[in-house]
Amino acid sequence: MHRLILTEQHWQEIQCHVESHSPLEACGLLAGKNDRVEKVIEVRNQAQSAARFVMDPYEQLKAFEWIESNGLNLIGIFHSHPAGPETASVTDIAEAAYAVVHVVVSRTGSNWKARGFWVEEGEAHEVGLQIVE
Ligand SMILES: [Zn+2]
């Protein structure tokens, strides 16, 4: 996948979620069709850590069921780096278990920024994120 399209509303939801959990990392799933996000699903970070995230397996399962029953696909996973960096970490790359866009939401000052990555064979390649109305 070479890009991911989100609406301004989705981006607001992601920012609210990561902001409310900061300085801990927060995470969630992006469901949609093709390269277009249709739903942001928050998932609890079981690790409750400022340095890594582990999706709560029960919430993740419920989210997968919701996605399937709504005829959507899992197209992205997002998590925050409240203290940076903007890019996927070595751990993120090693633990990337799904062939979806990995969105890293990092903070600089009071602003959150999102960058997307496609992880393949131990390497992260940037994917363009497009935010539309
Ligand atoms: Zn990370």
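*Asks:* What is the right way to look at the pairing of strand β6 (residues 111-120) in this model?
*Replies:* Side chains on a regular strand alternate between the two faces of the sheet. In this structure, strand β5 (residues 101-108) lies alongside β6, joined through eight bridges in antiparallel fashion. Bridge pairing in β6 links valine 101 to tryptophan 118. Hairpin connection between β5 and β6: a loop of two residues separates the two successive antiparallel strands, and glycine 109 in this loop has a positive phi of roughly 65°. Between β6 and strand β7 (residues 123-132), which pair antiparallel in sequence order, lie two residues; one of them, glutamate 121, sits at a positive phi of approximately 50°.

*Asks:* Even after reading the chapter, I still don't get the coordination of the zinc ion, so can you show me in this structure?
*Replies:* Angles at a metal have ideal values that depend on geometry: 109.5 degrees with four tetrahedral donors, 90 or 180 degrees with six octahedral donors. Protein-derived ligands of the zinc ion are His79 (NE2), His81 (NE2), Asp92 (OD) and Asp92 (OD), with the metal-ligand distances lying across 2.0 to 2.5 Å. Classification of the site at the zinc ion rests on its four donor atoms, whose angles at the metal span 57 to 157°, yielding the label irregular. Written as a sequence motif, the donor residues of the zinc ion are H-x1-H-x10-D. With histidine 81 in strand β4 (residues 73-81) and aspartate 92 in helix α3 (residues 90-95), this residue pair connects regions lying eleven residues apart in the sequence.

Conventions we followed
- Residues numbered from 1 in each chain as written.
- Predicted model: local features only at pLDDT ≥ 70, side-chain atom pairs only at ≥ 80, totals over all residues.
- Heavy atoms only, no water.
- Pairing = 2+ DSSP bridges.
- Helix = DSSP H or I, 4+ residues; strand = E, 2+ residues; numbered from the N terminus.
- Donors = N, O, S within 2.8 Å, 3.2 Å for Na, K, Ca; no water.
- Tetrahedral: all angles 85-135°; square planar, octahedral: opposite > 155°, others 65-115°.

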